[in-house]
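Understanding the architecture of this molecule
Chain by chain, the residues:
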Amino acid sequence: MRKIISSTYISLDGVIENPQNWTSAYFQDEAAAYARDLLFACDAILMGRTTFDGFSQAWPAMEEATGDFGVRMNTLPHYVVSDTLQKPGWGDTTVIRRADAVAEITKLKEQDGQDILQYGFGPVSRTLVEHGLLDELRLWIHPVVVGTGDPAELLTRPDFSATFELADTTSFKTGVIVATYTPAAK
């Protein structure tokens, strides 16, 4: 069975929104290689609507600058959970309605292939955790206090809780630590 891996940038003060504003100084060769290896170990991308909107606007224009990474990002099958998206307009995108999300994502996991990558942590991630569908949470902890924006819903959502076990850590010379967690056994 394929794994679903959530890869999320987070600041020391728990911010995940607008990472392009505070992560670029830390994205050097080590981080790029790690991100590339992760992307190329997967053959599908799963997203919520907010992430999809940002990615579908940014990635088509970044293909030339990012080479095979951008090509892969743009050509992999994309699955977006949304009740309002009608015409995705970005490559091979399938819209999954919220009411069908658990069943459809379960079917995706059961298909042959590489792992499934999810960027960010929001409502779709919580659904994955609540239904035992998230296999790994990789938090890219950046040594920066952003000071603006709301702390990640991951950390502050009052009606959501989950327990994880540390599975691995990777650190980069820039001070970024990727902490990989798996759901704790119940």
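One structure accompanies this document, and this report is about it. In this text the structure is predicted, and so the values were computed from the model without any measurement.

So, how was this worked out
- Residues numbered from 1 in each chain as written.
- Predicted model: local features only at pLDDT ≥ 70, side-chain atom pairs only at ≥ 80, totals over all residues.
- Heavy atoms only, no water.
- Salt bridge = Lys/Arg side-chain N within 4 Å of Asp/Glu carboxyl O.
- Helix = DSSP H or I, 4+ residues; strand = E, 2+ residues; numbered from the N terminus.
- Buried < 20%, exposed > 50% of the residue type's maximum accessible area, 1.4 Å probe, protein only.
- Phe/Tyr/Trp six-rings, centres within 6.5 Å; stacked < 30°, edge-to-face > 60°.
- Lys NZ or Arg CZ within 6 Å of the ring centre and 35° of its normal.
- Pairing = 2+ DSSP bridges.
- Axes fitted to C-alpha atoms, helices over the stretch in contact; angles between N-to-C directions.

**Remarks on the pattern of salt bridges**
Scanning the model with the defined rule gives 7 salt bridges in all. Across the pair K3 and E136 runs a salt bridge whose closest N-O atoms are separated by 2.7 Å. Separated by 133 residues along the polypeptide, K3 in the segment before β1 (4-11) and E136 in strand β6 (residues 136-142) bring together distant segments of the chain. Classification of K3 by relative accessible area gives partly exposed; the value is 29%. Residues D68 and R36 are paired through a salt bridge, measuring 2.4 Å at the closest nitrogen-oxygen approach. Here R36 lies in helix α1 (residues 29-40) and D68 lies in helix α3 (residues 68-75), a separation of 32 residues in the sequence. Connected via shared salt-bridge partners are K3, E136 and R138.

**As for the packing of aromatic side chains**
According to the stated counting rule, one finds 7 aromatic pairs in the structure shown. Each ring, one from Y9 and one from W140, has its centre 5.1 Å from the other, and the planes form 65°; the classification is edge-to-face. Taken together, the positions of Y9 in strand β1 and W140 in strand β6 put the pair 131 residues apart, joining distant regions of the chain. Residue class for Y9 comes out partly exposed when judged on its relative accessible area of 22%. Three or more aromatic residues link up through ring pairs in this structure, and these residues are Y9, Y34, W140 and F172. The ring centre of F40 lies 4.1 Å from the NZ or CZ of R36, which sits over that ring.

**Focus on the sheet that holds strand β7 (residues 164-171)**
The 8 strands lie next to each other as β4-β3-β2-β5-β1-β6-β8-β7, forming an open sheet whose pairing is mixed. Looking at the sheet topology across the chains shown, the edges are occupied by β4 (93-96) and β7. The mean inter-strand angle of the sheet, taken between neighbouring strand axes irrespective of direction, is 25°. Relative to strand β5 (residues 115-119), β1 is paired through 4 bridges, and the arrangement is parallel.

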